[in-house]
Amino acid sequence: MPPNPESSPHTPEPHAARVPPGALHWLADGVSLAAAVELWRRSPVLGIDTEFFRERTYYPRLGLIQISDGETVWLIDAPAIDDWAPLTEIICAASIVKVMHAAREDLEVLRLTLGAVPLPLFDTQVAAALCGHPPSLSYGALTETLLGVHLAKDHARSNWLHRPLPPELIEYAALDVLYLPALWQHLEARLQALGRSTWLGEEMQTLVSEADTIDLLNAHYRRLPGIGDAEPAAQAIAYSLCQWRDSTARRLDLPRSFVLRDESLMALATGAPHTLTELEAMPTLHRKQVQRYGRQWLDCIAAATPANAPDIIRPDADFRRRVRDWQKRIEDKAATLNLHPTVLLSRRDIERLLHHGPGRLPGGPDGWRARQLAADLAALDQA
C-alpha cells in the first residue's frame, strides 16, 4: 500500500468535534427554508449530507438534509417540507461547489426527493483516494487525519424519521456536514498540487451519471452468490427472477430480501423447478412464499433465455493467470502514482478490461486511467 501523503509531524493534535454555540438552525417549513436559501446563494461552497431510513422499505425515507457553509449548519426536517424547488435551485447552481462524502447513496436519495443531484459535486472520499489515502476512507477518519478533529460514535443506523430527534442525533447530524467545506479546501489544494483536479472532475461526472442512470437490477444480479459459477441456463433464470423481484419490491415498497432472499433465488435458478410440487419440496423456500409467488416464479423460469441475461465473465485458468499478471502491473503502476492499487483498477475492473477491452475501463478509453495506462493498454491491444 502506498504511504499516506498527508501523514506528517504537522498533523494537528486530535480534539473532540463540536458545533459552535448558535451555529445550528432547524428548518421545518417553507418560509425558513426559503430564507436559508437566500443565505446559501452567497456561499462559494456548501457541504451537503442526508440522513434516511430504509430498514423495511424499498425506497429510502428521507429524514434530514444537512447543509453547512463551514461555520453554520442547517438541518432541514425533510418530512415537514412540501416545496423543494428553492433547494433544487441551489443544489444545481453552477457557482456553488457542493461537497459530500461517499455520496453515492445520498445522490440516490436526493434524486428521488428533488428530481436532481448536486452539481458541481466534490466527493471528499473520492478526492482523498486520488491524493493517496486509502480507498473508502470514512468521514471520521478523514477529518481526524486532515483536520485533527475526532468525531463521536456513529449513529447512522438510527431512526431518522422519529420526532423529536434526541439531542445526540441532532449533534451527530450537524457534525456530519460541518467539516466538509474545510475538507474540500484541503483536498482541492492537494489535488491541484498533484495535477489531479481533472481526475476528480472525471470521477464526479461518472458518479453523477450513475446516479441518474444507475442500473441497480444488473448490480444486484452480478452480486448474487455463486452467479459467476452457474451455468448459462441458471444465470438466465436468476436474471429473470431478479427482474421479477425488483418489480415486486418496488410495487410493495419492500426490501428485495423481504420478497425473495438471494440464497432462495439462486436455489430456484439452479434447481429450475417446473411445478408447484417441486417448489414446495425445496427446503430453502417457505410454504407461504410458494403459495403467494410460486406461479409467478414458474413463469419467470419458463420465460428465461440466456440471450436476455447480462454477460457474466466465467474465467478459465489462462484468464485467471492474465488477471494476476495485470494485478501485479497495476500494483507497480499505482506505487509510482502513490495510489492504492484498487483506486487505479480493482480486480473486477481488470477482468472487464481483459474481457471487453479498454472501452470498459472506468471513465472510458479517454479517461485519466487510460492515459496513465496508455503503454500497458497498447501492449494489450498487440497481445
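Thresholds applied
- Residues numbered from 1 in each chain as written.
- Predicted model: local features only at pLDDT ≥ 70, side-chain atom pairs only at ≥ 80, totals over all residues.
- Heavy atoms only, no water.
- Helix = DSSP H or I, 4+ residues; strand = E, 2+ residues; numbered from the N terminus.
- Buried < 20%, exposed > 50% of the residue type's maximum accessible area, 1.4 Å probe, protein only.
- Contact = heavy atoms within 4.5 Å.
- Areas by Shrake-Rupley, 256 points an atom, 1.4 Å probe, with all protein chains shown as cover.
- Lys, Arg positive; Asp, Glu negative; His and termini not counted.
- Charge placed at Lys NZ, Arg CZ, Asp CG, Glu CD.
- Pairing = 2+ DSSP bridges.
- Axes fitted to C-alpha atoms, helices over the stretch in contact; angles between N-to-C directions.
- 1 Å grid on protein atoms, 1.4 Å probe; cavity = no way out; pocket = protein on both sides within 12 Å on 5 of 7 lines; lining within 4 Å.
- Points joined across faces, edges and corners; volume = space filled by probe spheres on them.
- Nonpolar A, V, L, I, M, F, W, Y, C, P; charged D, E, K, R; others polar.
- Phe/Tyr/Trp six-rings, centres within 6.5 Å; stacked < 30°, edge-to-face > 60°.

A. Seen up close, the overall build of the chain. For the chain, the helix and strand inventory stands at 19 helices and eight strands. On the principal axes, the C-alpha backbone points of the chain span a range of 65 × 55 × 35 Å. Of all 383 residues assigned to the chain, the portion counted as buried reaches 47%. Contacts in the chain between residues far apart in sequence, at least 24 positions, make up 69% of those at least 6 positions apart. A total accessible area of about 18,800 Å² is found for the chain, and carbon and sulfur atoms account for 52% of it. Seen as two clouds, the 39 positive and the 48 negative side-chain charges of the chain have centres 6 Å apart.

B. Quick peek at unusual backbone geometry. For the peptide bond that leads from Leu 119 to Pro 120, omega is -10°, which places it in the cis range. Note that Pro 120 resides in the loop between α3 (104–114) and β7 (121–123). The peptide bond linking Arg 163 to Pro 164 adopts the cis configuration, its omega dihedral lying at 0°. Topologically, Pro 164 is positioned in the loop between β8 (149–150) and α6 (167–178). Non-glycine residue Ser 136 carries a positive phi angle of around 60°. In this structure, Ser 136 sits in the loop between α4 (124–130) and α5 (139–147). With phi around 45°, Ala 272 is a residue other than glycine that occupies positive phi space. In this fold, Ala 272 is placed in the loop between α12 (262–271) and α13 (276–280).

C. Inspection of the sheet that holds strand β6 (residues 97–100) at higher detail. Strand order in the open sheet formed by six strands is β2-β5-β4-β3-β6-β7, with mixed pairing between adjacent strands. What marks the edges here is a single partner per strand, and that holds for β2 (24–27) and β7. Ignoring strand direction, the axes of neighbouring strands in this sheet form an average angle of 25°. Sitting on the sheet, α3 is in contact with β3 (45–53), β4 (61–68), β6 and β7, with an inclination near 85° to β3.

D. Seen up close, the layout of surface pockets. Size it by volume and the second largest pocket reaches roughly 400 Å³. Lining the second largest pocket are 15 residues, with Gly 228, Ile 312, Ile 313, Arg 348 and Glu 351 sitting closest to its centre. For the lining of the second largest pocket, a count of residues per class yields four nonpolar, two polar and nine charged.

E. View of the packing of aromatic side chains. For the coordinates displayed, the defined rule picks out eight aromatic pairs. On the numbers, 4.2 Å between centres and 10° between planes, the contact of Trp 199 with Trp 368 is stacked. Of the two residues, Trp 199 sits in helix α8 (residues 197–213) while Trp 368 sits in helix α18 (residues 368–372), which places them 169 residues apart along the sequence. The class for Trp 199 is buried, based on a relative accessible area of 6%. Judged by relative accessible area, which is 1%, Trp 368 ranks as buried. Members of the aromatic cluster, each reached through a chain of ring pairs, are Trp 244, Tyr 293 and Trp 297.

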